[in-house]
Number of protein chains: 2
Amino acid sequence: MDIAARLLADEGPAALSARRIAAEAGTSTMAVYTNFGGMSGLVRQMVYEGFARLEAYFARVEQTADPVADMALFGRAYRHNAVTNPHLYAVMFGGASLGGFSLTAEDRQYGRFTLSTVVQCAARCIAAGRFRTGDPELVAHQLWTAIHGLVTLELGDYLIEPCDAPRVFEAQLTGLMVGVGDLLEPATRSVRASEARLSDLADPGDPAHAVGPPAVPES
Amino acid sequence: MDIAARLLADEGPAALSARRIAAEAGTSTMAVYTNFGGMSGLVRQMVYEGFARLEAYFARVEQTADPVADMALFGRAYRHNAVTNPHLYAVMFGGASLGGFSLTAEDRQYGRFTLSTVVQCAARCIAAGRFRTGDPELVAHQLWTAIHGLVTLELGDYLIEPCDAPRVFEAQLTGLMVGVGDLLEPATRSVRASEARLSDLADPGDPAHAVGPPAVPES
DNA sequence: TTGTATTTCATAACGCCGTTATGAACGCCG
DNA sequence: CGGCGTTCATAACGGCGTTATGAAATACAA
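A few points on the structure. (Residues numbered from 1 in each chain as written. Chains lettered and ligands numbered in written order. Predicted model: local features only at pLDDT ≥ 70, side-chain atom pairs only at ≥ 80, totals over all residues. Heavy atoms only, no water.)

Because an α-helix completes one turn every 3.6 residues, residues spaced three or four positions apart along the sequence face the same direction. Residues and elements named next belong to chain B. An ideal rise of 1.5 Å per residue puts 28 Å on 20 residues; helix H9 (residues 136-155) measures up with 28 Å between its terminal C-alpha atoms. Most of H9 sits inside the fold, with 17 of its 20 residues counted as buried. The N-capping residue of H9, defined by a side-chain oxygen 3.0 Å from the backbone nitrogen of Glu-137, is Asp-135. (Helix = DSSP H or I, 4+ residues; strand = E, 2+ residues; numbered from the N terminus. Expected span 1.5 Å × (residues − 1). Buried < 20%, exposed > 50% of the residue type's maximum accessible area, 1.4 Å probe, protein only. Polar contact = N/O pair within 3.5 Å; in protein donor to acceptor, adjacent residues only side chain to side chain.)

This is the structure in structure tokens:
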């Protein structure tokens, strides 16, 4: 797993091959099969790792008196994680990325529960009267999809010239807060407030490698 | 190109191989090389095709007295195109998708100019006093990234249960209009108004296959 | 400790992929 | 007619995921 993670981070998805990993580990290709059940099993494990890292960032977002600022910080943490581990993020959501294989529908489900933290924060925003929308899950999905799209296009180098990623991101952040119901003035204040707290998240350190699928909380 | 497009649409990215296409065409693998310069050239052509289809939808969005409704319709057209050609959309933005190859940075640039129509519409929204934000390109990028993210996760089957794609999409649409500056009431009216016009777009028909990169308007 | 059962992995092969070299067939034009 | 450039069929190379096979190594029971 360590070797695979290093190869992915250093040389991109193309270097993630069973043969290459085995060679790098000084073993034979079979090791990948006995330990991970083939290439798809290894990638599955890497996806778990990716979500574990994201959750590690999310876990460091502390609740404050301003839930909207907390929410904006979740957005910053999400983008920070993706930009820090771009290839891993591509594997998590790239889908058809690696050699014509794809994750199980079940695998995709696991990762989505990472959103639960964000849903709870959305609920606090609603309870505080800051968000007009009543459904915290819907709000979380709006934020998630929007920021995921920005990050995807940013990592793929698609953003057009005068609109660099940080600029669109900041605009999107306040736009989203206003869009889901907050007023412009408080929203911008909260977004500004969240900016300083990003550095507090720092690097959560390499989490213990996920040995299995992340635990799924009962709905 | 027709065979490649059919294979991609019917059997997904995994079926897009030079050998398979050649066999389907009753020729040898070499034909792919003499005509497209290898697999990457063929995929490049398919990306052009994908953007051509998107532009065909965009071209059918007519200006009305309500520029915000026009803008919402652009969003609907974008999602409609992606949902109609899911695999093609994945190739356009999947990046590392097919067999460890990737598009040139230049290729990515071409497609981005498809946004220019949306930018002009954003400018009309701003001129009409409906959007607070002053930069039409920034607005276009916010809408693009947000809807792209939604569509990506929708096609990847990532959206969580009670939040089906249409629901998140509708919420996102009004949320975005409000977020970039419109007031809630007019925004919802415009979004509602755009809903009926989506059916007018229908299917623009298969555009003439793009033979080269799409024309890039001078900035 | 010994014998057995289970896991782990090295070797080799199969079929697939993109790509390339080679040479034959073909159309074009002087 | 004869040379020429394009087009493509054939065959090969290296790399990929995967599988079968068998040999070590390990775990475990007696």
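Okay, back to it.
Attention now moves to the packing of helix H4 (residues 39-59) of chain B against helix H6 (residues 86-94) of chain B. Residues and elements named next belong to chain B. Direction vectors running N to C along H4 and H6 enclose 115°, while the axes themselves pass 9 Å from each other. Taken together, H4 and H6 sit at an angle that is classed as roughly perpendicular. Seen from above, H4 lies across H6 with left-handed handedness. Touching Val-43, Met-46, Val-47, Glu-49, Gly-50, Phe-51 and Arg-53 of H4 are Leu-88, Val-91, Met-92 and Phe-93, all from H6. Across the contact of H4 with H6, the residue classes tally to 8 nonpolar, 1 polar and 2 charged. (Axes fitted to C-alpha atoms, helices over the stretch in contact; angles between N-to-C directions. Parallel < 35°, antiparallel > 145°, perpendicular 65-115°, else oblique. Left-handed = near helix turned anticlockwise from the far one by under 90°. Contact = heavy atoms within 4.5 Å. Nonpolar A, V, L, I, M, F, W, Y, C, P; charged D, E, K, R; others polar.)

In this section: the interface of chain A and chain B. Each side of the interface is counted separately: chain A has 39 residues, and chain B has 39 residues. Both sides together, the interface formed by chain A and chain B hides about 3900 Å², and carbon and sulfur atoms give 64% of it. Among the residues of chain A in contact with chain B, Arg-112, Tyr-158 and Ile-160 of chain A are the three that bury the most area, contributing 18% of the side total. Summed over the shared surface of chain A and chain B, the result is 2 salt bridges. In this structure, Arg-167 of chain A engages Asp-135 of chain B in a salt bridge whose closest nitrogen and oxygen atoms are separated by 2.3 Å. Remark: the boundary between chain A and chain B carries 12 residue pairs in polar contact (both at pLDDT 80 or more). Of all the elements in the fold, those that place two or more residues in the side of chain A that touches chain B are helix H6 (86-94), helix H7 (105-112), helix H9 (136-155) and helix H10 (165-179) of chain A. Among the residues forming the side of chain A that touches chain B, the class breakdown is 20 nonpolar, 11 polar and 8 charged. (Buried area = accessible area lost by both parts, 1.4 Å probe. Salt bridge = Lys/Arg side-chain N within 4 Å of Asp/Glu carboxyl O.)

Taken together, 15 residues surround DNA strand D, and among them Arg-19, Tyr-33 and Met-39 of chain A together with Thr-27 and Ser-28 of chain B come closest. Contacts to DNA strand D include Met-39 of chain A, whose backbone N or O atom sits 2.9 Å from a phosphate oxygen. One nitrogen or oxygen atom from the side chain of Asn-35 of chain B is found 3.4 Å from a phosphate oxygen belonging to DNA strand D. A total of 3 residues in the surface near DNA strand D trace back to one element, the largest contributor, which is helix H3 (residues 30-36) of chain B. By residue class, the composition of the surface near DNA strand D is 6 nonpolar, 7 polar and 2 charged. (Near = heavy atom within 4 Å.)

Turning our attention to the pattern of salt bridges. Across all of its chains, the model carries 24 salt bridges over all chains by this definition. Linking Arg-20 of chain A and Glu-11 of chain A is a salt bridge whose minimum nitrogen-to-oxygen distance equals 2.9 Å. Classification of Arg-20 of chain A by relative accessible area gives partly exposed; the value is 28%. Here Asp-182 of chain B makes a salt bridge to Arg-130 of chain B, at a shortest N to O gap of 2.7 Å. With Asp-182 of chain B in the loop between helix H10 (165-179) and helix H11 (184-201) and Arg-130 of chain B in the loop between helix H8 (116-127) and H9, the pair connects residues that are 52 residues apart, well separated along the chain. Exposure remark for Asp-182 of chain B: the relative accessible area of 6% places this residue in the buried category. A network of salt bridges, in which partner residues are shared, links Arg-6, Glu-11, Arg-20 and Glu-24 of chain A.

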